[in-house]
Amino acid sequence: MPDRVQSPHPDIERILLTEPQIKARIAELGARISRDYAGRELTLVSVLKGSVIFLGDLMRAITVDCSVDFIGLSSYSGTKSSGVVRLTLDLRESPEGKDILIVEDIVDTGLTIHYLLENLKTRSPRSLEICAFLNKAECRQREVGLKYVGFDIPDEFVVGFGLDHNERFRNLPYVGVMRPNGGK
Ligand code: IMP
């Protein structure tokens, strides 16, 4: 089936990552993760809500046995991080003794993922790694080791493919840069 023709949403200034680009990169990430975790059972911890679209595609590209759990964290309001991270939903299962791979939509300042790493470390997982769909390295305030990264992107506010602005635009099948005042 041909890939969908993309005409950007009126509030999107430009498309940064197209559907075919994203699809190809996720296939590569899935293959790498499957090689690295061969013979092990993997638990994917998806950070709500932004990572769910990425998670759905990534887990179908992973060929080792894996289960999924969800965690809710919040630090953003509009296009600004409040800097204060809150746990809004905890895991259903204990991560103790498990090979945990955190699936995150985007790492920006690094404050959210740093908080999550510190939190999960206290619960004694067997291993703990991060797979981030997007990485804005130039915005980092906390250094965090990202084992898998989909795309390094510049410091611009992006939406689509799960990422939102005030809960809008998560359903866009591509990643785009919002127009100034696009989110109203
Ligand atoms: P950090 O704590 O600054 O690393 O930000 C992590 C969280 O902020 C991500 O999980 C997103 O929910 C949100 N975020 C950061 N940058 C963007 C962006 O460009 N678009 C949408 N959400 C973002």
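Below or above, wherever it landed, is the structure these notes cover. Since we're looking at a predicted model, the values are computed, not measured.

With respect to the environment of Leu172
Thinking step 1. If you trace the backbone, Leu172 turns up in the loop between strand S8 (158-159) and strand S9 (175-178).
Thinking step 2. Sequence separation of Leu172 and Glu19 is 153 residues, and the distance between their C-alpha atoms is 9.7 Å.
Thinking step 3. The contact partners of Leu172, leaving out residues within four places of it in the chain, are His9, Ile12, Val159, Gly160 and Phe161.

Regarding the site of the ligand
Thinking step 1. As a matter of local geometry, the ligand sits amid 16 residues, with Asp105, Asp108, Thr109, Thr112 and Val158 nearest to it.
Thinking step 2. A distance of 2.7 Å separates an oxygen atom of the ligand from a polar atom in the side chain of Asp105.
Thinking step 3. One of the backbone nitrogen or oxygen atoms of Asp108 is found 2.8 Å away from an oxygen atom of the ligand.
Thinking step 4. Protein burial of the ligand: of its 490 Å² of free accessible surface, 92% is covered by the chains.

Concerning the sheet that holds strand S1 (residues 12-17)
Thinking step 1. With antiparallel pairing, three strands are arranged side by side in an open sheet as S1-S9-S8. Where the open sheet ends on each side, the last strands, each with one partner, are S1 and S8.

Focus: the nonpolar core
Thinking step 1. Counting residues in each nonpolar core, the largest one holds 27 residues, and the members touching the most others are Ile33, Phe54, Leu58, Phe133 and Leu134.
Thinking step 2. At the level of elements, helix H1 (19-36), strand S2 (42-48), helix H2 (52-60), strand S5 (99-107), strand S6 (127-135), strand S7 (148-152) and S9 are the ones that each hand at least two residues to this core.
Thinking step 3. Looking at this core element by element, the count peaks at four residues for H1.
Thinking step 4. With near-sequence residues (within four places) excluded, Leu134 lies in contact with Leu17, Asp105, Ile106, Val107, Phe151, Ile153, Val158, Leu163 and Val175.
Thinking step 5. In terms of nonpolar packing, the next biggest core, distinct from the first, is built from 20 residues, Ile71, Leu91, Ile100 and Ile102 among them.

The rules behind the values
- Residues numbered from 1 in each chain as written.
- Predicted model: local features only at pLDDT ≥ 70, side-chain atom pairs only at ≥ 80, totals over all residues.
- Heavy atoms only, no water.
- Helix = DSSP H or I, 4+ residues; strand = E, 2+ residues; numbered from the N terminus.
- Contact = heavy atoms within 4.5 Å.
- Near = heavy atom within 4 Å.
- Polar contact = N/O pair within 3.5 Å; in protein donor to acceptor, adjacent residues only side chain to side chain.
- Areas by Shrake-Rupley, 256 points an atom, 1.4 Å probe, with all protein chains shown as cover.
- Pairing = 2+ DSSP bridges.
- Core = buried A, V, L, I, M, F, W, Y, C linked by side-chain atoms within 4.5 Å.
- Buried < 20%, exposed > 50% of the residue type's maximum accessible area, 1.4 Å probe, protein only.

Function cannot be inferred from these measures alone, as they are strictly geometric.
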